[in-house]
Amino acid sequence: MLSCRDFERAEELVYRAMKPTPCYNWPLLAEALGANVWMKHENHTPTGAFKVRGGLVYANRYKARFPEAEGLISATRGNHGQSLAFAARVEGLHATIVVPHGNSAEKNAAMKSFGATLIEEGDDFDLACGCARSMAERDGLHMVPSFHEDLVAGVGTYAYEMMRQHADFDAIYVPIGKGSGICGMIEARNALNLKTKIVGVVSDRADGYARSFECGTLTEAERSDTFADGMAVRCPDADALDIVMKGADHIVRVDDDSIAKAIRLIYRATHNLAEGAGAASLAALMIEKDKMAGKKVGVVLSGQNIDSDWMADVLSGHTPTV
């Protein structure tokens, strides 16, 4: 369990590179959903997504433990890789990032721009992750996991900010990829001793966490072909799942059409861009609109890094295909 002091120590590292992000109450969202909706804008970070917080904490603490270290390697669909590339540059390390074939061209370009060496291997995230582990062993690089206590403490600072400002949320909806975001939210809620319900959100095409939550044991999804690439993970992390099982209220599945509708609503109501995973929490609230009527609800816009072609498709009323 992480304490308030753990989050405050992580904040000290995060705030060297960025400021706290805003949490706004948008009237048009409230009008559309019949609830008092507050949106946490993690799209307003130096990499356009919440993951940078975890990267900054992880890289700093790794460098402190191993000052002679030179390089990190990890696998990603985009935001985790951008986070590590950005943080590695801050700490004077080199980042090698493995992405699956067919990954977002624009996210790939962003990782390279932050100084990462980019390698394409495997047909999905889980296969790319296996390739990264093999390369780490072969080349003597440190493999950064997608889930780790330092990553949770770092990304959880967004949740700590959010709930210190608003201790009276009835519920907060959080997208789930590999699990650091929702675990950070659960740990921050527990550290602050609040009663807020934490609701996880997964793609119906990558619903391993939902299946696992429902049956009580780790269960992989059969597919991960969603344009919400931040949630395109087949296999849950066992440590993350343990926290989710104990701390989440329930998990909502959202389909790609619902996510596209949520992206359009976010743009229309707030004029912010949202990637698929970034809009998923609002998509889930739209599904549970009647259940949440009149309540104070938080949603996490976890990232804005959507490819321009996909955004054009969404704004024209279509759902991107993968």
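1. Looking at the pairing of strand S9 (residues 250-254)
Line of reasoning, step 1. Burial analysis of S9 places four of its five residues in the buried class, which makes it a mostly covered element.
Line of reasoning, step 2. Of the pairings in the sheet, the one linking strand S8 (residues 197-203) to S9 comprises five bridges and is parallel in character. Across the sheet, Val199 pairs through a bridge with His250, a residue of S9.

2. Concerning the sheet that holds strand S3 (residues 71-75)
Line of reasoning, step 1. One open sheet holds the four strands; their spatial order is S5-S4-S3-S6, and the pairing between them is parallel. Strands with a single pairing partner mark the edges of an open sheet, and in this sheet they are strand S5 (117-120) and strand S6 (142-143).
Line of reasoning, step 2. Two elements, S3 and S6, share two bridges in a ladder whose sense is parallel. Pairing of Ile73 across the sheet is with Met143, part of S6.
Line of reasoning, step 3. Sitting on the sheet, helix H5 (residues 105-113) touches strand S4 (94-99) and S5, and the angle it makes with S5 is about 145°.
Line of reasoning, step 4. Sheet contacts for helix H6 (residues 125-139): S3, S4, S5 and S6; angle to S3, the most-contacted strand, approximately 155°.

3. A word on a nonpolar patch on the surface
Line of reasoning, step 1. Taken together, the side chains of Tyr267, Leu273 and Leu315 define a hydrophobic patch exposed on the protein surface, amounting to about 240 Å² of accessible area.
Line of reasoning, step 2. On the secondary structure map, Leu273 appears in the loop between helix H11 (256-270) and helix H12 (276-287).

4. A short note on the sheet that holds strand S7 (residues 171-175)
Line of reasoning, step 1. Strands sit in the order S1-S2-S10-S7-S8-S9 across an open sheet of six strands; the sheet is mixed. At either end of the open sheet lies a strand with only one pairing partner, and these are strand S1 (23-25) and S9. Mean inter-strand twist for the sheet, computed between neighbouring axes without regard to direction, equals 25°.
Line of reasoning, step 2. Contacts from helix H7 (residues 149-165) reach S1, strand S2 (36-41), S7 and strand S10 (296-301), with the element oriented near 145° to S2.

5. A few points about the nonpolar core
Line of reasoning, step 1. Ile97, Ile172, Val174, Ile182, Cys183, Met185 and Tyr209 are the most contacted members of the largest nonpolar core, which totals 62 residues.
Line of reasoning, step 2. The greatest single-element share of this core, amounting to nine residues, is contributed by H7.
Line of reasoning, step 3. Here Ile182 is in contact with Val174, Ile176, Ile198, Gly200, Val244 and Ala248, once residues within four sequence places are set aside.
Line of reasoning, step 4. Tyr173, Val254, Ala284 and Val299 belong to the second largest nonpolar core, which has 36 residues in total.

6. Section: the side chain of Asp207
Line of reasoning, step 1. Mapped onto the elements of the fold, Asp207 is located in the loop between S8 and helix H9 (208-215).
Line of reasoning, step 2. Setting aside chain neighbours within four positions, we find Asp207 in contact with Val202, Ala221 and Arg253.

7. So, the environment of Asn193
Line of reasoning, step 1. Checked against the element boundaries, Asn193 lands in the loop between helix H8 (180-191) and S8.
Line of reasoning, step 2. Overall, Asn193 belongs to the exposed group, its relative accessible area being 70%.

Thresholds applied
- Residues numbered from 1 in each chain as written.
- Predicted model: local features only at pLDDT ≥ 70, side-chain atom pairs only at ≥ 80, totals over all residues.
- Heavy atoms only, no water.
- Buried < 20%, exposed > 50% of the residue type's maximum accessible area, 1.4 Å probe, protein only.
- Helix = DSSP H or I, 4+ residues; strand = E, 2+ residues; numbered from the N terminus.
- Pairing = 2+ DSSP bridges.
- Contact = heavy atoms within 4.5 Å.
- Axes fitted to C-alpha atoms, helices over the stretch in contact; angles between N-to-C directions.
- Patch = residues over 30% accessible without salt bridge, like charges linked within 9 Å, V, L, I, M, F, W, Y side chains within 5 Å.
- Areas by Shrake-Rupley, 256 points an atom, 1.4 Å probe, with all protein chains shown as cover.
- Salt bridge = Lys/Arg side-chain N within 4 Å of Asp/Glu carboxyl O.
- Core = buried A, V, L, I, M, F, W, Y, C linked by side-chain atoms within 4.5 Å.

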